[in-house]
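# A closer look at the structure
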Amino acid sequence: VSFCSTFVVFFIVKLYAYKKISAHVCFSMYGIAQVCFVLIPNYVGVSSHISPPIAMAMCITIFIFCLKMHSYVATNIVLSRQTSSKAASRAKSRSGNQNRAGKQGASQISLAAAVDNASSEIIRGYKRYPENVHFFNFFYFIALAPTLVYEAKYPKTSEIKVGYLVKKFGTALFIGLVAYGLFMQFVLPVMKDRDMPLLLAVLKVAVPSFVMWLCGFYLVFGCLLPGWAELVMFADRRFYFDWWNTSTLSSFWVKWNIPVHEFCVRHLYVDLMYFFKMSKSVAVFSTFLVSGMIHEAIFWVGFKGHSRVPWFFFGMLMQVPLIFWSRRFEGKRRGNLLMWWSLFVGQPFLEIMYARDYFSKHSSFFCVPAAE
């Protein structure tokens, strides 16, 4: 149902592309659709008897669609404005040239304009706006493309390598089983023990939780996303860079999750500075503020809203001063150790704090009976 509701945004952009509604009406309709798309499924996830893993997976999927819809709307509005401004400037230039050249040179000017238009399309590699606003283009982006940033056309591979698919999805299955075993054997028993001192609980789950995080990272960015990209013939495989060698937290946030980073740069960081005239520091803080709200919403829905303190939200905001502080260690081993230390301590602390609030109300992590 949530996936089908995303096509409401497509029809809104379609109306805007063909001048049926204005940009303000387009944004207003999109905003209403986005709010309904976020609130209704997440309310179901919190109020229903869905286990935390399923609820968190559902919430993550919803936010992925939300980010994609925002990129689709914002990018097409920018394309519309660029197309209108270019058309107006070309018409003005053409009329001026025709007045100077007279009737005899008008045909030559029109021919030059046609050649310019044709070469422009070849350079771009896709049809002009609004011809890109069609159903199959939207469906490929919203349902298939492993990216959060909309483009009118993506690079494609010429064939699907079956051996590559088997390797990636087979590795993903193995890593998923390893992470599941670590969680059931070492992490879940500590999460359920609410009487254990906090420091001892964090230390006991630090190593298995850290290994689980590494498994989860490679499972998603090293196996599932490349495998899915191969399946849909998506050629851009830059899902991460060498974040493990970074000496500053800012480099870590840039390199470890390229799809989210590209979205944040284009639709948060740049837009905040361009449209709202924010400074770089304020734009960085605002970007982490939005990111913290999304991360907190995922955990809040997953753990049924039992968390008394928004730990993940505060953790994301703390990244801003740590980013500026870590710059003094740029290029040094101490900076790299600081990045690893934040991962080693931060993940288990968040897990313990959310789990303790959850298990104060429920007894099972994978099944939430109606009686509870």
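Model, not experiment: these values are computed from the prediction.

### A short note on the overall build of the protein
In terms of helices and strands, the protein carries 13 helices and zero strands. Here the analysis covers contacts within the protein between residues at least 6 apart in sequence; of these, 74% occur between residues at least 24 apart. About 20,300 Å² of surface is accessible on the protein, with carbon and sulfur atoms providing 69% of the total.

### Examining the pattern of salt bridges
Opposite charge on two side chains permits them to pair, given that their charged atoms come into close proximity. Evaluated as defined, the whole model comprises five salt bridges. Of the charged contacts, one joins Glu230 and Arg237 as a salt bridge, the two residues approaching to 2.9 Å between their closest N and O atoms.

### A look at helix H10 (residues 258–275)
The terminal C-alpha atoms of H10 lie 24 Å apart, and with 18 residues this matches the ideal 26 Å at 1.5 Å per residue to within 8%. Maximum bend of H10: about 40°, positioned at Val265. Within H10, burial applies to Ile258, Pro259, Phe263, Cys264, His267, Leu268 and Leu272. The N-capping residue of H10, defined by a side-chain oxygen 3.3 Å from the backbone nitrogen of Val260, is Asn257. In the stretch just after H10, Lys277 is the one whose phi turns positive, near 55°.

### A few points about helix H3 (residues 23–47)
Counted at 1.5 Å a residue, the expected span for H3 with its 25 residues is 36 Å, and the 36 Å between its end C-alpha atoms agrees. Ala23, Cys26, Tyr30, Gln34, Phe37, Val38, Pro41, Asn42 and Gly45 are the residues of H3 that are buried.

Quick notes on the rules
- Residues numbered from 1 in each chain as written.
- Predicted model: local features only at pLDDT ≥ 70, side-chain atom pairs only at ≥ 80, totals over all residues.
- Heavy atoms only, no water.
- Helix = DSSP H or I, 4+ residues; strand = E, 2+ residues; numbered from the N terminus.
- Contact = heavy atoms within 4.5 Å.
- Areas by Shrake-Rupley, 256 points an atom, 1.4 Å probe, with all protein chains shown as cover.
- Salt bridge = Lys/Arg side-chain N within 4 Å of Asp/Glu carboxyl O.
- Expected span 1.5 Å × (residues − 1).
- Bend = angle between axes of the 7 residues up to and from the residue.
- Buried < 20%, exposed > 50% of the residue type's maximum accessible area, 1.4 Å probe, protein only.
- Polar contact = N/O pair within 3.5 Å; in protein donor to acceptor, adjacent residues only side chain to side chain.

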